[in-house]
Amino acid sequence: MPLGKRLSLHNNPFGTWSQATATFSFHEGLSLIDWLQFEPLITPVNIRIGRNTSVRLIEQCHQVHYILEAGSTLFHFNACDHDYTLSFDNQGRLIHASGIALTTSCAVHSTVRLQAPQASLIWQESVHVKGNQHYQTTLLVDHRAPSTHTHCQTQSVVDDYGRFDLRCDLSVQTNARQASVEQRNLNLITGPHGQVSAYPQLHILNRSITASHGTATQPLPADALWYLQSRGIPYAEATQLYLQGFLRSVFSTEFHELLIHS
Amino acid sequence: MASATDSTAFNAGFGLNQNTIRYISSVKNESPSLLAFRLQALETFLKLRLPAWIPNALPPIDFQKLRYYVANTQRAKKSWDEVPTAIKTTFERLGVPEKEQKFLAGVEAQFDSEFAYAKMRQQLQEQGVIFTDSNEGLSTYRELFEPFFAKIVPPHDNTFAALNSAVFSGGSFIYVPKGLKVQQPLQAYFRINAERSGQFERTLIIVDEGAELTYMEGCTAPIYDTQNLHAAVVELVVKKDAKLQYITVQNWSSNVLNLVTKRGWAEENADVRWIDCNIGSKITMKYPGIYLKGRHAHGEVFSIALAHSGQWQDTGARVLHLADETTSNVVSKSISLGSGWAGYRGKIHIQPNCSHCKNSTECHSLLLGDESRTGTLPYVAISGDSQSVCHEASISSLDEEQLFYLQQRGLNRAAAVSLSVNGFVNDLVQHFPLEYSVELKRLIDMEVENAIG
């Protein structure tokens, strides 16, 4: 279980809860450096992050809608292996990471709308799909304002009989001038019956942008494993070392302390 | 331009029903089994729905307001002197007889629903090459044609394959015998001349073991206010150790809906290459496909699409890896001018139980107009731990610094943009025969200069 202060939505020192709108609003101007973890909730909930507020949250809920106001920053980490739905109305800075070792099949659906100039999204997703599990992830990103930026990276390791499905839909609307979009997907299949399907899409309606995407699926690299074995590491251990490094490489430094404990 | 009227020798009239099918079949003097095939395909067409992913840009088609068979001739002539004057003049203006003399091994020229002209060099005929139309293929070369006819693209494949199967007319049948490497290209030229009509050619090319062939097709039509429909089917069979290169330069007029199904089978160690250039039409939806059925088979799709205002170029590739150690390569370049949409839609699928397959796909899009749009919509599905697949795409506009550099050297803006665009597609244009690459460059220059002004 990753680090994080466990909090209730009610009587929370960092914000206020509205039962009528099922919304928790962080106080404006907060700059939290500790990770916070809300109690797991099945019912939908909204979380508002006000102007110039910086928050670090570990997600455990099933359906959450985030509202990031201008100047806000959200570091968002998800390590739960159950179905969930996330949506973000983002006018600030969103850095999302999810690192999951599946114990059960799950489907994840995430939507991000970049609604103000300079709003940005960094999306880092890493999943290890064990045998017979099926992981389905859908990410829809819509650039609706100028100078918005998305960098999205998804990596998976798929064991024998596992299945990984990715759908990543990045749109840039006509008024989103100077937007930049980058999406990458890397997959390793470790068994003869592992399956990957990737459906990355770009819909571009404005010419003053730069956009790129890519997806690559490879077997375990023999050269890298041979290198580790030549240093005296047995094959099984070398494979595990390589896969761990591969899965963790997608995360930026803000999330490393969580990975140590996950 | 005057359209076909009641003066055409053969005219099925407007509308699509069983009587239309019977008329086509009787004009061609077909067997009862072929008529039955057509009628069954019509039933399939009437039942099928368009798939959900079809873009909104495809306007509704009123199939009852089109003509499905219009022809002045029933059999292709062997000499240009015998071709009716109006038809001959059209093809002379397009430069077809001139190219035939200079560098082609054979030419077929289709005008509306039938070939007006077909001729092949004597030497190739003596070597056993067959180059004729699909109806003659079905009647005279049945033992070669029938095993593959409607097997690679069956009628139930999609709506427009079903439509083509019901009303097909024209299109090439080519057979290259074992071991024969045809040095010069064979070409077909398609012209839709009648207003509110469709062209539904059906092409089948069989390249036997160890043989090689390059086939080219070009297409044009006059501009009308009403719709024309082009729903062709192309089927390729490339046998063991054989190679086939299929080149298309599509420059239909802006009222043509170009909805084509093209697919090839590659057997062991075979090589299939689609080189596809789409500049014309109102909307093109075309995804050349390759089924890699034999070990070490290789497939390539090179695609250039250019869309100016009012155009939608929805092109791409579809590759299925069905055997071990198969490889494929897809390169797509799209250019959007004005408010045009030019993009890539593709599928790469590696079947379970295949091993050591490789694919590389690259898509690059250039947006030149303030309202230009594009999309990249690949789908990649892989099974197994020995495959290597990668897909990459990039989208941008031209670099202003690069254009400034060229203008500083004395080029005006339109010429600078034109030069940059030709540079963008140059690595694909090099795969065309020289005469066509020059013409393609000229067409691209014209389109860009019209858009930039």
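Residues numbered from 1 in each chain as written. Chains lettered and ligands numbered in written order. Predicted model: local features only at pLDDT ≥ 70, side-chain atom pairs only at ≥ 80, totals over all residues. Heavy atoms only, no water.

## Topic: the interface of chain A and chain B
As a reminder of what qualifies: Whether two residues are in contact is decided by their heavy atoms, any of which lying within 4.5 Å being enough. Buried area adds together the accessible area that both of two parts lose upon being put together, with accessible area traced by a 1.4 Å probe. What makes a salt bridge here is a side-chain nitrogen of Lys or Arg within 4 Å of a carboxyl oxygen of Asp or Glu, nothing more. Residues adjacent in sequence count toward polar contacts only when both atoms are side-chain atoms; beyond that, a polar contact is any pair of N or O atoms within 3.5 Å, and within protein one must be able to donate a hydrogen and the other to accept it. A run of H or I in DSSP counts as a helix once it spans at least four residues, and a run of E counts as a strand once it spans at least two, with each numbered from the N terminus.
Facing 29 residues of chain A, the contacting portion of chain B comprises 30 residues. Among the residues chain A hides against chain B, the three largest losses belong to Ile-204, Arg-207 and His-213 of chain A. Together they make up 27% of the total. At the boundary of chain A and chain B, one finds one salt bridge. The residue Arg-207 of chain A makes a salt bridge to Asp-370 of chain B at a minimum N-O spacing of 3.2 Å. Between chain A and chain B we count 13 residue pairs in polar contact (both at pLDDT 80 or more) in total. Those elements that provide at least two residues to the side of chain A that touches chain B are strand E17 (195-204) and strand E18 (210-218) of chain A.

## Focus: the pattern of salt bridges
Here is the rule: Accessible area is worked out with a 1.4 Å probe on protein chains only. A residue is then buried under 20% of its type maximum, exposed over 50%, and partly exposed in between.
Within the structure shown, the criterion is met by 24 salt bridges over all chains. For Arg-167 of chain A, the salt bridge is made with Asp-169 of chain A, and the minimal N-O distance between the two is 3.2 Å. On the basis of relative accessibility, which here comes to 33%, the residue Arg-167 of chain A falls in the partly exposed class. Between Glu-300 of chain B and Arg-273 of chain B there is a salt bridge, with its nearest N and O atoms 2.9 Å apart. Highlighted residues: Glu-300 of chain B in strand E18 (residues 298-307) and Arg-273 of chain B in strand E15 (residues 271-278), separated in sequence by 27 residues.

## Some points on the packing of aromatic side chains
For clarity, the cut-off: In summary, the pairing rule links any two rings of Phe, Tyr or Trp, Trp by its six-membered ring, whose centres are within 6.5 Å, and it sorts them by plane angle into stacked for under 30 degrees, edge-to-face for over 60 and tilted for everything else.
Using the criterion set out here, one finds 24 aromatic pairs over all chains in the structure. For the pair Phe-24 of chain A and Phe-26 of chain A, a centre-to-centre distance of 5.0 Å together with 85° between the ring planes defines the contact as edge-to-face. Relative accessible area serves as the criterion here: at 5%, Phe-26 of chain A is assigned to the buried category. Taken together, a centroid distance of 5.6 Å and an interplanar angle of 85° make the contact between Tyr-199 of chain A and Tyr-379 of chain B edge-to-face. Taken together, the positions of Tyr-199 of chain A in strand E17 and Tyr-379 of chain B in strand E23 (residues 374-383) put the pair across two chains.

## With respect to the domain arrangement of chain B
All names here are of chain B. Rules: Throughout the structure description, domain borders are defined by an automatic or database domain assignment.
Examined at the domain level, chain B breaks down into domain 1 (10-286) and domain 2 (398-453). Measuring from the centre of the C-alpha atoms in domain 1 to the corresponding centre in domain 2 gives 31 Å. The interface is formed by 13 residues belonging to domain 1 together with ten residues belonging to domain 2. The contact between domain 1 and domain 2 buries some 1000 Å² in all, and 75% of this surface belongs to carbon and sulfur atoms. Across the domain 1-domain 2 interface, the total number found is zero salt bridges. For the pair domain 1 and domain 2, the interface holds one residue pair in polar contact (both at pLDDT 80 or more). Mapped onto the side of domain 1 that touches domain 2, the elements with two or more residues apiece are strand E13 (243-250) and E15.

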